[in-house]
Structures are given as structure tokens and as C-alpha cells.
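Structural description and commentary
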Amino acid sequence: MLKRILIITTLFIIVCSSGSIFAYTHVHPVPSIPQTINIYNAADIYTINLIAQVHNTLFVMDNNTPKPQLVKSFSVSQDQKEYRFVLSASFFHNGKPLTNIDVKYSLEQLIVNKAVSYEKLSVVKGYEDFINHKTSSLAGVVLGTPDNEVVLQLVRPTPNLLSYLTDFRFSIIEKGASQNIGLGDYKIVSMKPSEITLELVDKSNNKAPQFVVFEYATTEDALKGFIGHKYNDLFAYSITEDMVGAFAATANMQKVFTPRTYFFAVNSNNIPDKQER
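All of these numbers come straight from a predicted model, not from anything done at the bench. (Residues numbered from 1 in each chain as written. Predicted model: local features only at pLDDT ≥ 70, side-chain atom pairs only at ≥ 80, totals over all residues. Heavy atoms only, no water.)

1. Some points on the sheet that holds strand β9 (residues 149-153)
Pairing within the open sheet is antiparallel, and its 4 strands lie in the order β6-β7-β9-β8. The sheet is open, and its two borders are formed by β6 (71-76) and β8 (141-143), each paired with just one other strand. Strand after strand, the sheet turns through a mean of 20° between neighbouring axes, direction not considered. In terms of strand pairing, strand β7 (residues 82-87) meets β9 through 5 bridges, oriented antiparallel. Looking across to β9, one finds that Tyr83 is bridged to Leu152. (Pairing = 2+ DSSP bridges. Helix = DSSP H or I, 4+ residues; strand = E, 2+ residues; numbered from the N terminus. Axes fitted to C-alpha atoms, helices over the stretch in contact; angles between N-to-C directions.)

2. A look at the side chain of Glu199
Residue placement: Glu199 occurs in strand β11 (residues 195-200). On the basis of relative accessibility, which here comes to 17%, the residue Glu199 falls in the buried class. Leave out the neighbours within four places in its chain, and Glu199 touches Asp185, Tyr186, Lys187, Val189, Gln210 and Phe211. (Buried < 20%, exposed > 50% of the residue type's maximum accessible area, 1.4 Å probe, protein only. Contact = heavy atoms within 4.5 Å.)

3. Comments concerning the confidence of the model for the chain
Scored by pLDDT, the chain has a mean of 84; 79% of the residues are at 70 or more. Every residue in residues 1-23 scores below 50 in pLDDT, and together they form 64 contacts with partners more than four places removed in sequence or on other chains. Within the model, the stretch residues 252-277 combines pLDDT values under 50 with 49 contacts to residues more than four positions away or in other chains. (pLDDT = per-residue confidence, 0-100.)

4. Focus on the sheet that holds strand β3 (residues 25-30)
Pairing within the open sheet is mixed, and its 4 strands lie in the order β3-β12-β11-β10. Of all strands in the sheet, those bounded by a partner on one side alone are β3 and β10 (186-192). Taken over all neighbouring pairs, the strand axes of this sheet differ in orientation by 20° on average, direction set aside. Bridge count between β10 and β11: 6 bridges; the pairing is antiparallel. Within β11, the position partnered with Met191 by the bridge is Ile196. With respect to the sheet, helix α1 (residues 45-54) is in contact with β3, β10, β11 and β12 (211-216), its orientation differing from that of β11 by roughly 30°.

5. Focus on the side chain of Thr166
With respect to the helices and strands, Thr166 occurs in the loop between α4 (161-164) and β10. A relative accessible area of 19% means that Thr166 is categorised as buried. If near-sequence neighbours (up to four positions away) are discounted, Thr166 is found in contact with Thr57, Phe59, Val60, Met61 and Pro66.

6. Comments concerning the nonpolar core
Counting residues in hydrophobic clusters, the biggest one holds 65 residues, and the most contacted among them are Leu58, Phe85 and Leu198. Non-local contacts of Phe85, meaning those with residues more than four positions away in its chain, are made with Phe59, Val71, Ser73, Phe74, Asn148, Glu149, Val150, Leu152, Leu162 and Leu165. (Core = buried A, V, L, I, M, F, W, Y, C linked by side-chain atoms within 4.5 Å.)

7. A look at α1
Taken together, the buried positions of α1 are occupied by Tyr46, Thr47, Asn49, Leu50, Ile51 and Val54. At its buried positions, α1 is contacted by β3, β10, β11 and β12.

8. Points about the packing of aromatic side chains
Two descriptors summarise a pair of aromatic rings, namely the distance from one centre to the other and the angle between the planes of the rings. This model, assessed by the stated rule, comprises 5 aromatic pairs. For the pair Phe74 and Phe85, a centre-to-centre distance of 6.2 Å together with 35° between the ring planes defines the contact as tilted. With Phe74 in strand β6 and Phe85 in strand β7, this pair connects stretches of sequence that are 11 residues apart. Taking relative accessible area as the criterion, Phe74 reaches 36% and is therefore assigned partly exposed. Between Tyr83 and Phe85, the ring centres sit 6.3 Å apart and the planes meet at 20°, which makes this aromatic pair stacked. Both residues of the pair, Tyr83 and Phe85, count as buried. What links up through ring pairs into an aromatic cluster is the set Phe59, Phe74, Tyr83 and Phe85. Note that Lys203 overlies the ring of Phe211, its terminal NZ or CZ placed 5.7 Å from the centroid. (Phe/Tyr/Trp six-rings, centres within 6.5 Å; stacked < 30°, edge-to-face > 60°. Lys NZ or Arg CZ within 6 Å of the ring centre and 35° of its normal.)

What follows is the structure in C-alpha cells.
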């Protein structure tokens, strides 16, 4: 079933004759290239997009409902203050299996780095002692046996806890490893000052690009490259009408939206009228 998604864009969306959306290599032009991935201080949309390709969270939002991503099963205590998770059999891009130690480490690092949203973990037992350096670990994250079980003990019921765990800043990282190594659908194969190349991990997936490239480009070069089919999108840029007009005579393109437009992609099955759909 097609996921219902909301895309808010400040770009001119342009249609050009550019072939399949699932090109073997999808090239994103971006205004700057991060030299390293840092989950905790990412603020721009293209770095967040990069993180989403390389890393996974315990849960992912699907139709406004958190669904397990790195979790095989979970249970909640009757008083709703204890969540027990069984992790799925997942592997980091370097081949190391995911364990509960990585989960505990990731949640602790979120607090240590005081990333946006870190205070959402204040509901976990031991948070105050940990953030005030009275303890060296977060007591409310309990490692189970075997090493694919982890328990979150809370000080009060928190109905939105699973939603919190879908935030990309709650991505699970390998303890002691670079954040360039993740659990996501794509792994980093090359990081250069002007270009980052990702490779699809699951080779049996023939519906997704096998490679995704983030390439530095000025706004003008990005627009030229998009029109010339070098780039597959312009999501990281604000393109003005004057800029589009300057290149209108050089390409077969049609403006379909104007700046500051909200574009909705919804499940068409939910639209009863056939013509409207």
C-alpha cells in the first residue's frame, strides 16, 4: 500500500523529460557536504536526509503510527512504566551484529551530546543522576539476557515514548564506532570534500537506486545540472522564478508549482472520486 506522505517544499518543482525515477544512480546536488556524520547536531535537510539513508531507529513513523524498525517484538507493563524490546537480527555496515549494548550507548550519547529532543529521555529512570554526572550510565536502560533484549524503565507512563524513538536523533549507533557506520538501507562507500556516495545494502531490492550520490553544487550549477539530467532533484535549493525563467529557453520543462507551495502525496485509494484521484 502506498504510504501517505507530506512534503513541504520551498522549491520550484519542475518537470523535465528525465526518465525513470528509480535511476541506477540517484544524484542529489547539495549546497554543502558534511565531512563527517553527526546525528546530534544535524540541522539542514540534506544532512538529515543523508542520516536517514545510513541509520535506522528502533521505530519508524508509518501513517502517523510508530512501527518497529529495529525491534522484533515489544511489550508494555500494566502500569505502562516498563517497555521490553526484543531487537531484530540486524547488522551494522561493518558486519557487527546489533546488540542491546549499542541501544543503551546510543540513548546515553543522545543525552551526553544534549542533542535536540534529548530531554524526552527525562522520563527514563536515572536520567537526573546521569545528566548531572552522578552516575556513569543511564540506570533505566536495562540490558537483558540474551543480548538482543533491552528494557526501558520509566518514572511515569509516557504514551508518546514510541513516537520519540522514531526521531532520527535516536538512531542506533555502534558503540565505539564512527557514526559513518550505520544500520540503514545504504552504506557509505566514499566520502570526499565535494561528494558522498552511498551504496544500497540489499542488492535484491531492484526498486531503489543502487547508488545515491550527494554532490556539491552551487544553486546555478544545480539548476543547470537538473535541466541537463545530471541531477535527479533540487530538494536542497530555493529556486526563484527569475532563475527558472533564465533557463526556460534551454530546456523542455514546465512549472507545475510556485514557491512556498505545499505538495501532498496521499494514498489515492482514500480519494473516492475517480476523476479527482
